[in-house]
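Listed below are the residues making up each chain.
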Amino acid sequence: MHHKPALRVALIGYSFMGKIHAQAWQTAPRFFDVEARVDLVVGRDETAVADFAHRFDIPRWATDWRDAVNDPDIDAVDICVPGDLHAEISDAALAAGKHVLCEKPLANSVADAERMARIAADARAKGVQSMVGFSYRGTPALGAMKKLIEDGRIGTIRHIRATYLQDWIVDEDFPLVWRLQRDKAGSGSLGDIGAHIVDMATFLTGQRLTGVSALTETFVKERPLVASSGSLAATAGEGTGVVDVDDAAVFIARTDGGALATFEATRFAAGRKNAIRIEINGSKGSVAFDFERMNEFEFHDHTLPGAEAGFRRIVATEPEHPHLDAWWPAGHGLGYEHTFTHEVVEFARAVAAGTAPSPSYEDGLYVQRVLDAVERSAAAGAGWVALEG
């Protein structure tokens with residue numbers, strides 16, 4: 001039997017996202033029909049990146065991402081660093097003929113995202129693939145919801161209602177980590193978590209936003225400087241610095257399918273850790289999802305008689321549900337990390353087949369344009385900002 005060579009991956013970054021991507025690449029070939037492995041990890045701190053490599057059984061490490069881009073023994077680059085580095089690394093990797101998986105949001109500006117998408121399109125024409133990492137698309141319950149919508153079970157979509165709530169910076173003395181600095185992160189809660197629900201709405205409905213009216217707020221405008229930091233934790237040092245990103249964003253929108261949509265993204269919802277909720281109402285029914293109960297969703301069939309209609313809980317762990325034929329018996333739920341395993345599986349399969357993976361850089365560019373429109377609307381006192389078709 002012909003054995004396909006393994007996709008040899010370089011992982012750029014070893015913090016929160018680096019860890020979960022490393023785990024995903026290790027897990028994927030053990031459960032799915034993909035051949036892939038991480039051969040190289042890159043990080044600026046040599047001691048830390050060497051420790052990471054040993055911990056995840058990665059044979060090589062480097063401190064300059066150019067080493068990965070120029071390495072003839074690397075087939076693909078997985079970018080897991082802050083947004084200010086995405087464009088430079090992605091553009092160079094694609095130009096060097098490496099397939100690229102890039103964390104979201106795609107870039108820190110529309111201009112960078114537009115250039116990245118152009119370069120990705122040129123590379124795709126030469127057989128070099130690219131994908132942006134909206135990991136929640138890999139949640140089986142959301143995939144099952146998407147199929148119900150595509151099958152017409154909720155009819156014409158009238159409302160999309162999405163929120164992403166966290167509370168990790170409610171403490172005003174929490175330090176000024178990179179996610180709170182515009183030059184590194186691009187924006188605050190808007191780009192970090194708002195981007196996910198914008199993509200999720202489009203993924204589920206197939207509809208895009210045609211315009212927005214938005215408000216953003218920075219509740220804590222100055223924070224202690226960082227002494228040390230980890231995933232979403234940090235220790236304060238001496239002095240303070242200015243927070244120049246949003247702490248929260250709320251906006252309304254219209255879609256190209258005639259629906260009304262509302263979005264809220266905040267890191268100031270005390271008690272909410274990673275609460276992603278989306279409900280979609282249609283002419284024939286509704287679907288609703290809460291990531292804190294990620295193995296299930298709710299479906300209301302409005303075509304049934306009123307006496308027996310109502311939301312019912314569907315546990316999305318059947319082998320017929322997306323990705324689940326590779327895992328456990330029905331009822332044995334999955335977790336956060338599995339969404340990333342599904343993401344790298346989709347990427348690796350597309351590369352092996354020579355097809356374009358989804359979500360594409362064009363999808364990432366669309367989200368970037370929405371984020372930009374939200375910021376422009378908020379700056380104009382919630383004025384309506386139209387999005388190009």
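Scroll up to find the structure this text is about.
To keep things clear, this report deals only with the structure shown in the data block. Please read all numbers here as calculations on a predicted model, not as lab measurements.

## Remarks on the overall build of the chain
Reasoning step 1: Within the chain, the regular secondary structure consists of 10 helices and 17 strands.
Reasoning step 2: Over its C-alpha atoms the chain spans a radius of gyration of 21 Å, differing by no more than 12% from the 21 Å that the globule rule assigns to 389 residues.
Reasoning step 3: With respect to the three principal axes, the spread of C-alpha positions in the chain is 65 × 60 × 40 Å.
Reasoning step 4: The proportion of buried residues among the 389 residues of the chain is 55%.
Reasoning step 5: A separation of at least 24 residues holds for 72% of the contacts in the chain among residues at least 6 apart in sequence.
Reasoning step 6: For the chain, the accessible area works out to roughly 16800 Å², and carbon and sulfur atoms hold 50% of it.

## So, the nonpolar core
Reasoning step 1: One finds Leu-209, Phe-251, Phe-263, Ile-278 and Phe-297 to be the most contacted residues of the largest nonpolar core, which totals 80 residues.
Reasoning step 2: The biggest single contributor to this core is helix H8 (residues 189-205), with nine residues.
Reasoning step 3: Contact partners of Phe-263, with chain neighbours within four places excluded, come to Ala-162, Ile-197, Val-198, Ala-201, Leu-209, Ala-249, Val-250, Phe-251 and Ala-253.
Reasoning step 4: Membership of the second largest hydrophobic core comes to 33 residues, among which are Val-9, Ala-36, Ala-53 and Ala-326.

## Description of the side chain of Thr-255
Reasoning step 1: Along the chain, the position of Thr-255 falls in strand S11 (residues 248-255).
Reasoning step 2: Taking the relative accessible area as the measure of exposure, Thr-255 reaches 7% and is therefore buried.
Reasoning step 3: Engagement of the side chain of Thr-255 in a polar contact is seen with the side chain of Gln-207, the distance being 2.5 Å.
Reasoning step 4: Non-local contacts of Thr-255, meaning those with residues more than four positions away in its chain, are made with Ile-160, Gln-207, Arg-208, Leu-209 and Thr-210.

## Notes on the environment of Gly-331
Reasoning step 1: Considering the arrangement of structural elements, one finds Gly-331 in the loop between strand S16 (311-315) and helix H9 (336-353).
Reasoning step 2: In this structure, the C-alpha to C-alpha distance between Gly-331 and Gly-186, residues 145 residues apart in sequence, is 40 Å.

## What about the environment of Asn-108?
Reasoning step 1: When you line up the elements, Asn-108 lands in the loop between strand S5 (99-103) and helix H5 (110-125).
Reasoning step 2: Separated by 22 residues in sequence, Asn-108 and His-86 place their C-alpha atoms 8.4 Å apart.
Reasoning step 3: Sequence-distant contacts of Asn-108, defined by excluding residues within four places in its chain, comprise Gly-83, Asp-84, Arg-182, Asp-183, Lys-184, Ala-185, Gly-186 and Gln-368.
Reasoning step 4: Within polar-contact distance, the side chain of Asn-108 engages the backbone oxygen of Lys-184 at 3.1 Å.

## A look at the packing of helix H1 (residues 16-31) against H9
Reasoning step 1: Axis separation between H1 and H9 bottoms out at 8 Å; the angle between their running directions is 65 degrees. Remark: the crossing between H1 and H9 carries right-handed chirality. Contacts from Phe-16, Met-17, Ile-20, His-21, Gln-23, Ala-24, Trp-25, Thr-27 and Ala-28 in H1 reach Tyr-336, Glu-337, Phe-340, Thr-341, Glu-343, Val-344, Val-345, Phe-347 and Ala-348 in H9.
Reasoning step 2: Residues that form the contact of H1 with H9 fall into these classes: 12 nonpolar, four polar and two charged.

## What to know about the pattern of salt bridges
Reasoning step 1: For the structure shown, the criterion picks out 31 salt bridges.
Reasoning step 2: Between Glu-150 and Lys-146 there is a salt bridge, and its shortest N-O distance comes to 3.2 Å. One end of the pair, Glu-150, and the other, Lys-146, are both in helix H6 (residues 140-150), four residues apart, so they sit about a helical turn from each other.
Reasoning step 3: The class of Glu-150 is exposed, set by a relative accessible area of 55%.
Reasoning step 4: Overlapping salt bridges, with partners in common, bring together Arg-277, Asp-290, Arg-293, Glu-296 and Arg-313 in one network.

## Here's the deal with the sheet that holds strand S12 (residues 260-266)
Reasoning step 1: Here we have nine strands laid out as an open sheet, ordered S16-S15-S14-S13-S7-S12-S11-S8-S17, and mixed in their pairing. Across the chains shown, the open sheet's two edge strands, defined by having one partner strand only, are S16 and strand S17 (385-386).
Reasoning step 2: Where strand S13 (residues 275-282) and strand S14 (residues 285-290) come together, five bridges link them in antiparallel fashion. Bridge pairing in S14 links Arg-277 to Asp-290.
Reasoning step 3: Across the face of the sheet, H6 comes into contact with strand S7 (157-165), S13, S14 and strand S15 (296-301) while running at roughly 170 degrees to S14.
Reasoning step 4: Sheet strands touched by helix H10 (residues 361-379): strand S8 (209-217), S11 and S17. Its angle to S8, the strand with the most contacts, is close to 50 degrees.

## Quick word on the state of the cysteines
Reasoning step 1: Under the definition given, this model contains zero disulfides.
Reasoning step 2: Left without a disulfide partner, Cys-80 is nearest to the cysteine sulfur of Cys-102, which lies 8.7 Å away.
Reasoning step 3: With relative accessibility at 9%, the residue Cys-80 sits in the buried group.

## Structural notes on the packing of aromatic side chains
Between two aromatic rings, the relevant description is the distance of the centres plus the angle of the planes.
Reasoning step 1: Under the criterion given, the structure shown has 16 aromatic pairs.
Reasoning step 2: For the ring pair Trp-25 and Phe-347, a centre distance of 6.3 Å and an interplane angle of 75 degrees mean the geometry is edge-to-face. Of this pair, Trp-25 sits in helix H1 while Phe-347 sits in helix H9, and the two are 322 residues apart along the sequence. We note that Trp-25, like Phe-347, is buried.
Reasoning step 3: Centre to centre, the rings of Phe-31 and Trp-328 are 5.4 Å apart; their planes meet at 80 degrees, and the pair counts as edge-to-face. Taken together, the residues Phe-31 in helix H1 and Trp-328 in the loop between S16 and H9 connect sequence positions 297 residues apart.
Reasoning step 4: The class for Trp-328 is partly exposed, based on a relative accessible area of 41%.

Rules of the game
Residues numbered from 1 in each chain as written. Predicted model: local features only at pLDDT ≥ 70, side-chain atom pairs only at ≥ 80, totals over all residues. Heavy atoms only, no water. Helix = DSSP H or I, 4+ residues; strand = E, 2+ residues; numbered from the N terminus. Rg over C-alpha atoms; globule rule 2.2 N^0.38 Å. Buried < 20%, exposed > 50% of the residue type's maximum accessible area, 1.4 Å probe, protein only. Contact = heavy atoms within 4.5 Å. Areas by Shrake-Rupley, 256 points an atom, 1.4 Å probe, with all protein chains shown as cover. Core = buried A, V, L, I, M, F, W, Y, C linked by side-chain atoms within 4.5 Å. Polar contact = N/O pair within 3.5 Å; in protein donor to acceptor, adjacent residues only side chain to side chain. Axes fitted to C-alpha atoms, helices over the stretch in contact; angles between N-to-C directions. Left-handed = near helix turned anticlockwise from the far one by under 90°. Nonpolar A, V, L, I, M, F, W, Y, C, P; charged D, E, K, R; others polar. Salt bridge = Lys/Arg side-chain N within 4 Å of Asp/Glu carboxyl O. Pairing = 2+ DSSP bridges. Disulfide = S-S within 2.5 Å. Phe/Tyr/Trp six-rings, centres within 6.5 Å; stacked < 30°, edge-to-face > 60°.

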